[in-house]
Amino acid sequence: QVPLVESGGGLVQPGGSLRLSCAASGWLFSRSVMGWYRQAPGKLRDLVAQITSGDSTNYADSVKGRFTISRDNTKNTMFLQMDDLRPEDTAVYYCRCILGVSDYWGQGTQVTVSS
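Since the model is a prediction, treat every value here as computed from it, not as a measurement.

1. Describing the overall build of the protein chain
Looking only at helices and strands, one finds zero helices and eleven strands in the protein chain. Helices and strands in the protein chain line up, N terminus first, as β-β-β-β-β-β-β-β-β-β-β. Taking 115 residues into account, the globule formula puts the C-alpha radius of gyration at 13 Å, and the protein chain, at 13 Å, falls close to it. Across its three principal directions, the C-alpha atoms of the protein chain cover 40 × 25 × 20 Å. A buried classification covers 39% of the 115 residues belonging to the protein chain. About 5900 Å² of surface is accessible on the protein chain, with carbon and sulfur atoms providing 49% of the total. Both charge centroids of the protein chain, one from 11 positive and one from 10 negative side chains, sit 3 Å from each other.

2. Let's talk about the packing of aromatic side chains
In this structure the tally under the stated criterion is one aromatic pair. For Arg-45, the ring lying beneath its charged end belongs to Trp-105, and the centroid distance is 4.8 Å. One Lys or Arg, Arg-71, reaches over the ring of Phe-29 and ends 4.9 Å from the middle of that ring.

3. Here's the deal with the side chain of Ser-21
Inspection of the secondary structure assignment puts Ser-21 in strand 3 (residues 18–24). Owing to a relative accessible area of 18%, Ser-21 belongs among the buried residues under this scheme. If we ignore the near neighbours within four places in the chain, the residues touching Ser-21 are Val-5, Glu-6, Ser-7, Trp-36, Thr-77, Met-78 and Phe-79.

What counts and what doesn't
- Counting restarts for each chain, with residues numbered from 1 along the sequence as it is written.
- Selection of residues for local features in this predicted model requires a pLDDT of at least 70, selection of side-chain atom pairs for listing and counting requires 80 or more, and totals for whole chains, interfaces and linings are taken over all residues.
- For the side-chain quantities, the full set of heavy atoms in the structure was used; hydrogens and water were omitted.
- Under the DSSP-based scheme used, a helix requires at least four consecutive residues in state H or I and a strand at least two consecutive residues in state E, with every element numbered from the N terminus.
- Within these notes, the globule rule equals 2.2 Å times the number of residues to the 0.38 power, and the radius of gyration is based on C-alpha atoms.
- Whether a residue is buried, partly exposed or exposed follows from its accessible area with a 1.4 Å probe, protein chains only, as a fraction of its type maximum: under 20%, in between, or over 50%, in that order.
- All accessible areas in this document rest on Shrake-Rupley with a 1.4 Å probe, and a residue is counted as covered only by the protein chains that are shown.
- Residues scored as charged are limited to Lys and Arg (positive) and Asp and Glu (negative), so that His and the chain ends carry no count.
- For the purpose of locating charges, the reference atoms are NZ of Lys, CZ of Arg, CG of Asp and CD of Glu.
- Whether two aromatic rings pair depends on their centres lying within 6.5 Å, for rings of Phe, Tyr and Trp, where Trp uses its six-membered ring; planes under 30 degrees apart make the pair stacked, over 60 edge-to-face, and the rest tilted.
- Look at NZ for Lys and CZ for Arg. If either is within 6 Å of the ring centre and within 35 degrees of the ring normal, a charge sits over the ring.
- The criterion used for residue contact is that any of the two residues' heavy atoms lie within 4.5 Å.

Dropping the structure here:
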């Protein structure tokens, strides 16, 4: 099992920013598809943003223009810069790594947007 460890969550006021990180242990990180997902209470886990090994990205419509996904293959780390946060962004955020038939998830980090 390859661990993924998220960090950077917390409480922020509406309009604020947070930067999430997902650190992976050494393996073929640069060849993997990485993604951020979120799950709010009582709702399904949804894709927020995804980045391929070639750095192509896609975003959920609800976060386009506010969130930016990136990766640093030299540090085996993926990031999610979240700006202009809204109360509806409140959720547990999970990182995911897909490499071939292997599929790994982190433990999640809580993001709460509230005044």
